[in-house]
Amino acid sequence: MEKRPIVIVPTYNERDNLPALIDGLLHTPALRVLVVDDSSPDGTGEIADTLARGTHGRVSVLHRTGPRGFGLSYIDAMQHALATDATDICQIDADLSHDPADVSRLVAATTGADLAIGSRYAPGGRIENWPRRRMLLSAFANQYIRAITGLQVRDCTSGFRCWRRDALQRLPLARLASNGYAFQVEMLWEAASAGCRIAEVPITFVERRLGASKLSSRVIAESVVMPWRLGRVPRYDLELP
Ligand SMILES: Nc1nc2c(ncn2[C@@H]2O[C@H](COP(=O)(O)OP(=O)(O)OP(=O)(O)O)[C@@H](O)[C@H]2O)c(=O)[nH]1
Ligand SMILES: [Mg+2]
């Protein structure tokens, strides 16, 4: 069957990155894009509207107005994407850390898996231009999450993913608790618990060049607590590559 992928792009103050990202994404044939903007003060939402014009519906924009949040944005956008006829629902950061040209490799990987993760830590994966402090934080975060939850994925915190529609539909989106990047870990935990087949696809991750990080101490604190709230993955007999 011909795939009809859609990629969700969460944005908060990404005006300098979004045009190049959308341009890159539209190079992949048949790929549709859903930008979910949290009323960015820098006008990213309006820029997204402008970029959407003239794309014959390939790019659409969801403007959120209520409480802001990474997790809340993804939950809204995933529900929107599931209301379309998309066969695969992808996630990508807006800051060009993920190469839009890699989306097609993730989509291809969901032929044999329910969830494909763009992985910095699978053999062949790389990180460019990260300061040592950030490397250590990420490596520690992954060890910590795996030790507490029993997840076997190497890159548990990656924001570059592709879900098969039927797998995403099975997950309890409406009752997820986390709002920061712990959302990614919680989704992964739910997927593993639901018996999803998870594949890791090596990627090169490049540190953002423009705009500011939203990694706050509140977000880090949530990420420290969340694995304990999740506990051990209940059923986990996956064949990981
Ligand atoms: N809609 C929405 N998007 C957000 C929010 N916070 C972050 N994002 C987006 O989520 C993606 C990842 O955020 P980043 O700030 O790049 O976080 P990070 O990758 O951990 O940090 P850096 O490595 O410094 O870039 C980006 O596309 C952000 O614009 C939010 O509250 N709402
Ligand atoms: Mg980033």
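Student: Where do I start with the environment of Val 59 in this structure?
Tutor: Along the polypeptide, Val 59 turns up in strand E3 (residues 59-63). On the basis of relative accessible area, Val 59 is assigned to the buried category, the value being 5%. Those residues in contact with Val 59 that lie beyond four places of it in its chain are Ile 22, Leu 26, Val 33 and Ala 52.

Student: It is not clear to me how the pattern of salt bridges should be interpreted in this structure. Could you clarify?
Tutor: Close approach of charged atoms allows side chains with opposite charge to pair. Applying the stated criterion across every chain yields a total of 14 salt bridges. The partner of Lys 214 in a salt bridge is Glu 14, and the shortest N-O contact between them spans 2.9 Å. Here the residue Lys 214 occupies a position in the loop between strand E9 (204-206) and helix H8 (217-230), and Glu 14 occupies one in the loop between strand E1 (5-11) and helix H1 (18-26), the gap between them amounting to 200 residues. Residue classification places Lys 214 among the partly exposed residues on the basis of a relative accessible area of 23%. As a salt-bridge pair, Arg 120 and Asp 155 come within 2.8 Å of each other at their nearest N and O atoms. Of this pair, Arg 120 sits in the loop between strand E5 (115-119) and strand E6 (126-128) while Asp 155 sits in the loop between helix H5 (132-149) and strand E7 (161-164), placing them 35 residues apart in sequence. Through salt bridges with shared partners, one network takes in Glu 14, Asp 95, Arg 208 and Lys 214.

Student: I tried to follow the sheet that holds E3 on my own but got confused; where do I start?
Tutor: Picture the strands of a sheet paired through backbone hydrogen bonds; they go either parallel or antiparallel. Judged by pairing direction, the sheet is mixed, and its 7 strands sit side by side in the order E3-E2-E1-E4-E7-E5-E8 without closing on themselves. Bordering the open sheet on either side are E3 and strand E8 (198-202), each of which pairs with just one other strand. Between one strand and the next, the sheet's axes are offset by a mean angle of 20 degrees, whatever the strand orientation. In the sheet, E1 pairs with strand E4 (residues 88-91) via 4 bridges, with the strands oriented parallel. Bridging across to E4, Pro 5 finds its partner in Asp 88. Contacting E1, strand E2 (32-37), E3, E4 and E7, helix H3 (residues 70-82) crosses the sheet at an angle of about 155 degrees to E1.

Student: Quick question: what am I supposed to make of the site of ligand 1 here?
Tutor: Every one of the 19 residues lining ligand 1 counts as a neighbour, but Glu 14, Asp 38, Arg 68, Asp 95 and Ser 213 are closest to it. Lys 214 has a polar backbone atom sitting 2.8 Å from an oxygen atom of ligand 1. In isolation ligand 1 offers 640 Å² of accessible surface; the protein chains occlude 95% of this area. Its residues assigned to classes, the shell around ligand 1 shows 6 nonpolar, 4 polar and 9 charged.

Student: How do you make sense of a nonpolar patch on the surface when you look at a structure like this?
Tutor: Together, Leu 137, Ile 220, Val 224 and Val 225 line one region of the surface with nonpolar side chains, adding up to about 280 Å² of accessible area. In terms of residues, the nonpolar patch owes the most to one element, H8, which gives 3 residues. Its place among the elements puts Val 225 in helix H8.

What counts and how
- Residues numbered from 1 in each chain as written.
- Chains lettered and ligands numbered in written order.
- Predicted model: local features only at pLDDT ≥ 70, side-chain atom pairs only at ≥ 80, totals over all residues.
- Heavy atoms only, no water.
- Helix = DSSP H or I, 4+ residues; strand = E, 2+ residues; numbered from the N terminus.
- Buried < 20%, exposed > 50% of the residue type's maximum accessible area, 1.4 Å probe, protein only.
- Contact = heavy atoms within 4.5 Å.
- Salt bridge = Lys/Arg side-chain N within 4 Å of Asp/Glu carboxyl O.
- Pairing = 2+ DSSP bridges.
- Axes fitted to C-alpha atoms, helices over the stretch in contact; angles between N-to-C directions.
- Near = heavy atom within 4 Å.
- Polar contact = N/O pair within 3.5 Å; in protein donor to acceptor, adjacent residues only side chain to side chain.
- Areas by Shrake-Rupley, 256 points an atom, 1.4 Å probe, with all protein chains shown as cover.
- Nonpolar A, V, L, I, M, F, W, Y, C, P; charged D, E, K, R; others polar.
- Patch = residues over 30% accessible without salt bridge, like charges linked within 9 Å, V, L, I, M, F, W, Y side chains within 5 Å.

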